[in-house]
Amino acid sequence: MNLKSSFTILASAFLLTAYAPQVVADTGRTLSPVDYVNPYIGNISHLLVPTFPTIQLPNSLMRVYPERADFTGDRLNGLPIIVTNHRERSAFNFTPFQGDAKALRPVAPLSYDLEKITPYRYQVYLDEAQIHVDFAPSHQSAVYRLQFEQSEPTHLVFNSRKGALKVEGNTVQGFQYIDNKTKIYLYVELDKTPEKAGVLASSAVDYAKQSAEGENAAVVLSYAGGVGEIGVRYGISLIDEAQAKKNLAREIKDYSVATIAEAGRKIWNETLGKIAIEGGTEDERTVFYTSLYRTYERPVCLSEDGRYYSAFDGKVHEDGGRPFYTDDWLWDTYRATHPLRVLIEKEKEGDILNSFVLMAEQMGTGWMPTFPEITGDTRRMNSNHGVATIIDAYRKGLRTFDLSKAYDVCKAGIEEKTLIPWSAKPAGWLDDFYKEHGYIPALRPGEKETVPNVSKWEKRQPIAVTLGTSYDQWCLSQIAEELGK
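What you are looking at is a predicted structure, and each value in this text was computed from that prediction instead of being measured.

(A) Here's a closer look at the overall build of the protein. A tally of regular secondary structure across the protein gives 11 helices and 26 strands. The C-alpha radius of gyration computed for the protein amounts to 24 Å, which stays within 12% of the reference 23 Å derived for 485 residues, consistent with globular compactness. Projected onto the principal axes, the alpha-carbon positions of the protein cover approximately 75 × 60 × 50 Å. The buried share among the 485 residues of the protein stands at 55%. Accessible area of the protein: about 20700 Å², with a carbon and sulfur share of 52%. Each charge class in the protein can be summarised by its mean position, and for the 54 positive and 63 negative side chains these summaries are 3 Å apart.

Here it is, written out as structure tokens:
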């Protein structure tokens, strides 16, 4: 049996049902698909933490998870604003506090209890501070509702770890660098105007200043005691503060967390309901729908009102009515996530593959990306498995991307870029050796590395690179066959 016919059989055998709004559990409870999702699964590991308890709409830019040392930790590092990398990098920080302003810090450790996380809502009680926190995300905006039990003066601290913030009336806006060139922008509105506002510097608030810039740039909004509740809503953008404000206005009309959470719950049920299941135990259903929820964690859509910022060339582009996606760590996702998406999210998968081709063009190299993130192609891991996603989708009947252009960038990515792991350099003598002999040579025991582009941490990885590249080249040959090359 050839690959083409086996793909056809797989696609035909994978029968999908219409959205089933409810699934009946063994206990007699009536549950929807999203009710089975447990974001805590996989949060603890002896080596790499594979998953975080992410609150996010499917493939949306607005992602958060509680920041703590690890997921057994008993302290939160403030409250989250936006995660810009699905498990490593966050931007901004938000800390509510009651008491003497002299005790304020840019980011404060917060003890917590009664935490509840679903894909569409985050609720937690800051027990020592006696503050109830309720949060829900939209696509490029989010809303908090804070309930304060104490009658002491209330302060809200917004922090940019490396950037700038300014406060004016009941608004905060600014940016943070998430690498040396990429900025993410923030626009915040509160339903109560503070009595006074200023800049936090050297553990004191300077109420004469309204803007801060640099490392841990922080602004403070201060209220008298007995404030009760405060609503905080905000938009984020990779374009500018004005676009962040537009994103907020487009998605969130008031300060109701319940309204945004209910909308998010509906979106998740429609998304997860693309596959309805029968049988199994409640635990098995939990594992299934939690795993399916994880496939929507990345990539994320960067299009904002028809425009998007691309770190691949540092420019803002018109999207032409077609969403642009990134933060798809291809080495992780080519085996199963992309093949599944071809079956249940055909339009989205086509847009993602089209985004890969655009990235290659924007980088100027014409090389298929290997590890596309919000900050660009980080070239992590080894090989170039985006090639596999192209032929897999095409053999399953997807035609909403340009196969010829995809072939060109796949071929260039394999033949012109070095095969050395974690490197963005052009091909060198190790690559020439591979082309002549069909494998990457290993070092002898005790032999020192002489190739300058080889990382002392990542090494040559001769077996992994040889196997991975052989597979990628075979996939490339299948694309060539489809094009008559």
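(B) Structural view of helix α8 (residues 386-395). Of all 10 residues in α8, 10 are buried, a share of seventy percent or more. Three or more residues of α8 are buried, namely Gly386, Val387, Ala388, Thr389, Ile390, Ile391, Asp392, Ala393, Tyr394 and Arg395. Where α8 terminates, the next one or two residues include glycine 397, which has phi positive at roughly 100°.

(C) Molecular detail of the environment of phenylalanine 356. In this fold, phenylalanine 356 is placed in helix α7 (residues 346-363). Put simply, phenylalanine 356 and aspartate 70 are 286 residues apart on the chain and 33 Å apart in space, counted from C-alpha to C-alpha. Filtering out sequence-adjacent residues up to four positions away, phenylalanine 356 remains in contact with Asp328, Leu330, His338, Met368, Pro369, Pro372 and Thr389.

(D) Structural view of the nonpolar core. By size, the foremost hydrophobic cluster in this structure holds 86 residues, and its most contacted members are Leu156, Phe158 and Tyr234. Tyrosine 234 has contacts with Met62, Val64, Pro80, Ile81, Phe135, Ser141, Ala142, Tyr144, Leu186, Tyr187, Val188 and Leu248, leaving out every residue within four places of it along the chain. One finds Leu31, Val143, Leu248 and Trp268 within the second-largest nonpolar core, a separate group that totals 25 residues.

(E) Quick look at the state of the cysteines. This structure, assessed with the given rule, holds 0 disulfides. Here cysteine 410 stays free of any disulfide, with the sulfur of cysteine 475 as its closest cysteine sulfur at 9.1 Å. For cysteine 410, a relative accessible area of 0% puts it in the buried group.

(F) Representation of the layout of surface pockets in the model. For the largest pocket, the calculated volume is near 650 Å³. Every residue lining the largest pocket is counted, 25 residues in all, and those nearest its centre are Pro50, His86, Arg87, Arg298 and Asp332. Broken down by secondary-structure element, the contributors of at least two residues to the lining of the largest pocket are α4 (282-294), α5 (330-333) and α6 (337-344). Class assignment for the residues of the lining of the largest pocket results in 11 nonpolar, 6 polar and 8 charged.

(G) Just the pattern of salt bridges, in detail. Enumeration over the complete set of coordinates arrives at 24 salt bridges. Arginine 63 is paired through a salt bridge with aspartate 327; the nearest N and O atoms lie 2.8 Å apart. One end of the pair, arginine 63, is in strand β4 (residues 63-64); the other, aspartate 327, is in the loop between β24 (325-326) and α5, with 264 residues separating them in the sequence. Neither arginine 63 nor aspartate 327 differs from the other in exposure class; each is buried. Its salt-bridge partner being glutamate 189, residue arginine 233 comes within 2.9 Å of it at the nearest N-O pair. Here the residue arginine 233 occupies a position in strand β20 (residues 229-237), and glutamate 189 occupies one in strand β16 (residues 183-190), the gap between them amounting to 44 residues. Look at arginine 233 and you get buried, because its relative accessible area is 13%. Owing to a relative accessible area of 15%, glutamate 189 belongs among the buried residues under this scheme. What emerges from the salt-bridge pattern is a single network uniting Asp74, Arg75 and Glu128.

(H) Representation of the packing of aromatic side chains in the model. Scanning the model with the defined rule gives 15 aromatic pairs in all. Relative to tyrosine 65, the ring of phenylalanine 52 lies with its centre 4.5 Å away and its plane at 40°, an arrangement referred to as tilted. Taken together, the positions of phenylalanine 52 in the loop between β2 (30-31) and β3 (55-56) and tyrosine 65 in the loop between β4 and β5 (75-77) put the pair 13 residues apart, joining distant regions of the chain. Residue classification places tyrosine 65 among the buried positions, given a relative accessible area of 5%. Taking the centre distance of 4.7 Å and the plane angle of 50° together, the rings of phenylalanine 135 and tyrosine 144 count as tilted.

(I) How the structure looks around empty space enclosed by the protein. This structure, assessed with the given rule, holds 3 cavities of 30 Å³ or more. The calculated volume of the largest cavity comes to roughly 110 Å³. Asn382, Ser383, Asn384, Lys417 and Thr418 are, among the 17 residues lining the largest cavity, the residues nearest its centre. If you list the elements that add at least two residues to the lining of the largest cavity, you get α9 (403-415) and α11 (462-483).

(J) Quick peek at the pairing of strand β17 (residues 196-201). Sheet topology places β17 next to strand β19 (residues 211-223); 5 bridges connect them, and they run antiparallel. Residue pairing across strands places valine 199 opposite valine 219, the latter belonging to β19. Note: β17 against strand β18 (residues 204-206), 3 bridges, orientation antiparallel. By the bridge assignment for β18, alanine 201 is matched with alanine 204. Hairpin connection between β17 and β18: a loop of 2 residues separates the two successive antiparallel strands, and serine 202 in this loop has a positive phi of roughly 55°.

(K) Main features of the pairing of β20. Within β20, 8 of the 9 residues are buried, which leaves the element mostly enclosed by the surrounding structure. Pairing between strand β13 (residues 141-148) and β20: 7 bridges, direction antiparallel. In the sheet register, leucine 146 faces β20, and the bridge partner there is isoleucine 230. Where β16 meets β20, 6 bridges bridge the pair, whose relative direction is antiparallel. What sits directly across from leucine 186, in β20, is isoleucine 236.

About the cut-offs
- Residues numbered from 1 in each chain as written.
- Predicted model: local features only at pLDDT ≥ 70, side-chain atom pairs only at ≥ 80, totals over all residues.
- Heavy atoms only, no water.
- Helix = DSSP H or I, 4+ residues; strand = E, 2+ residues; numbered from the N terminus.
- Rg over C-alpha atoms; globule rule 2.2 N^0.38 Å.
- Buried < 20%, exposed > 50% of the residue type's maximum accessible area, 1.4 Å probe, protein only.
- Areas by Shrake-Rupley, 256 points an atom, 1.4 Å probe, with all protein chains shown as cover.
- Lys, Arg positive; Asp, Glu negative; His and termini not counted.
- Charge placed at Lys NZ, Arg CZ, Asp CG, Glu CD.
- Contact = heavy atoms within 4.5 Å.
- Core = buried A, V, L, I, M, F, W, Y, C linked by side-chain atoms within 4.5 Å.
- Disulfide = S-S within 2.5 Å.
- 1 Å grid on protein atoms, 1.4 Å probe; cavity = no way out; pocket = protein on both sides within 12 Å on 5 of 7 lines; lining within 4 Å.
- Points joined across faces, edges and corners; volume = space filled by probe spheres on them.
- Nonpolar A, V, L, I, M, F, W, Y, C, P; charged D, E, K, R; others polar.
- Salt bridge = Lys/Arg side-chain N within 4 Å of Asp/Glu carboxyl O.
- Phe/Tyr/Trp six-rings, centres within 6.5 Å; stacked < 30°, edge-to-face > 60°.
- Pairing = 2+ DSSP bridges.

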